[in-house]
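# Close look at the chain arrangement
Residues per chain, in single letters:
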Amino acid sequence: RELLLVRRSEAEEKQPRPAVGPMADYFLIGPYPAGREFRRADAMHEKVLGWVQQSRERVLILTGQSGTGKSSLLQAFVIPRLRAAGGAVVLVRSFDDPLADLRRQLIEPGAVWTKPPDDLAALPLEKLLDRALAQLRKKDAAARLIAVFDQFEELVILQHDGDARVEAVRSFLNSVCGDAP
């Protein structure tokens with residue numbers, strides 16, 4: 001019997017194996033990368049994409065238990081679909097200074113401008129956003145600029161009230177909810 005199992009095992013080893021990518025068919029610890037599509041059996045990935053596309057709210061908050069796939073859903077499904085549809089999407093994953101990260105990404109070539117103007121770095125963030133949106137709307141009057149703050153709760157949990165970064169983000173969100181574009 002043991003000899004039969006060994007022979008069967010040897011025969012299986014000689015069989016050609018299907019080619020799979022280095023990340024195929026196993027569970028990932030951490031968010032799925034943008035190159036690997038994320039889909040959920042309950043189609044929540046489609047629902048969240050539709051919600052983001054159809055909403056005209058200035059601030060949307062996607063919450064859920066830790067480890068439920070929020071980051072994967074955004075990075076490996078929603079954001080690539082929004083970009084493919086012509087949207088400008090910036091993914092901010094910095095609790096250290098998310099507004100500085102947002103600014104840095106907006107002025108990178110390709111995010112909004114092919115060749116960003118030299119004066120952008122000196123602008124206040126609100127003015128930079130105005131200019132970015134005006135640039136996007138030159139091509140499409142209905143263009144949207146979407147900033148995704150992933151792991152946002154880290155800023156709230158790991159910093160204390162009164163921290164300059166927390167206050168800056170609070171002020172930024174208030175301005176976005178107000179009259180800012």
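Everything below is about the structure printed above this text.
Cut-offs applied
Residues numbered from 1 in each chain as written. Predicted model: local features only at pLDDT ≥ 70, side-chain atom pairs only at ≥ 80, totals over all residues. Heavy atoms only, no water. Axes fitted to C-alpha atoms, helices over the stretch in contact; angles between N-to-C directions. Helix = DSSP H or I, 4+ residues; strand = E, 2+ residues; numbered from the N terminus. Left-handed = near helix turned anticlockwise from the far one by under 90°. Contact = heavy atoms within 4.5 Å. Nonpolar A, V, L, I, M, F, W, Y, C, P; charged D, E, K, R; others polar. Salt bridge = Lys/Arg side-chain N within 4 Å of Asp/Glu carboxyl O. Buried < 20%, exposed > 50% of the residue type's maximum accessible area, 1.4 Å probe, protein only. 1 Å grid on protein atoms, 1.4 Å probe; cavity = no way out; pocket = protein on both sides within 12 Å on 5 of 7 lines; lining within 4 Å. Points joined across faces, edges and corners; volume = space filled by probe spheres on them.

Okay, the packing of helix α4 (residues 98-106) against helix α5 (residues 125-139) next. At a minimum axis distance of 11 Å, the contact between α4 and α5 shows a crossing angle of 35 degrees. The handedness of the crossing between α4 and α5 comes out as left-handed. Contact residues: Leu99, Leu102, Arg103 and Leu106 in α4; Leu125, Leu128 and Leu129 in α5. When the residues that make up the contact of α4 with α5 are grouped by side-chain class, the tally is six nonpolar, no polar and one charged.

Applying the stated criterion across every chain, the model contains six salt bridges. Between aspartate 101 and arginine 104 there is a salt bridge; the shortest N-O distance is 2.4 Å. Of this pair, aspartate 101 and arginine 104 both sit in helix α4, three residues apart, which is roughly one turn of that helix. For aspartate 101, a relative accessible area of 12% translates into the label buried. Take arginine 104: its relative accessible area is 41%, and that puts it in the partly exposed class. The salt bridge involving aspartate 119 is made with arginine 131; its shortest N-O contact spans 3.0 Å. Of this pair, aspartate 119 sits in the loop between α4 and α5 while arginine 131 sits in helix α5; the two residues are 12 residues apart in sequence, bridging distant segments of the chain. Residue aspartate 119 is classed as partly exposed on the basis of its relative accessible area of 39%. Counted as one network, the salt bridges with shared partners bring together Asp101, Arg104 and Glu108.

Right, let's talk about empty space enclosed by the protein for a bit. Using the criterion set out here, one finds one cavity of 30 Å³ or more in the structure. Its volume calculated, the largest cavity comes out at about 40 Å³. Forming the walls of the largest cavity are Val92, Ser94, Phe95, Pro98, Phe149, Asp150, Gln151, Phe152 and Leu155. For the lining of the largest cavity, the class distribution of residues is six nonpolar, two polar and one charged.

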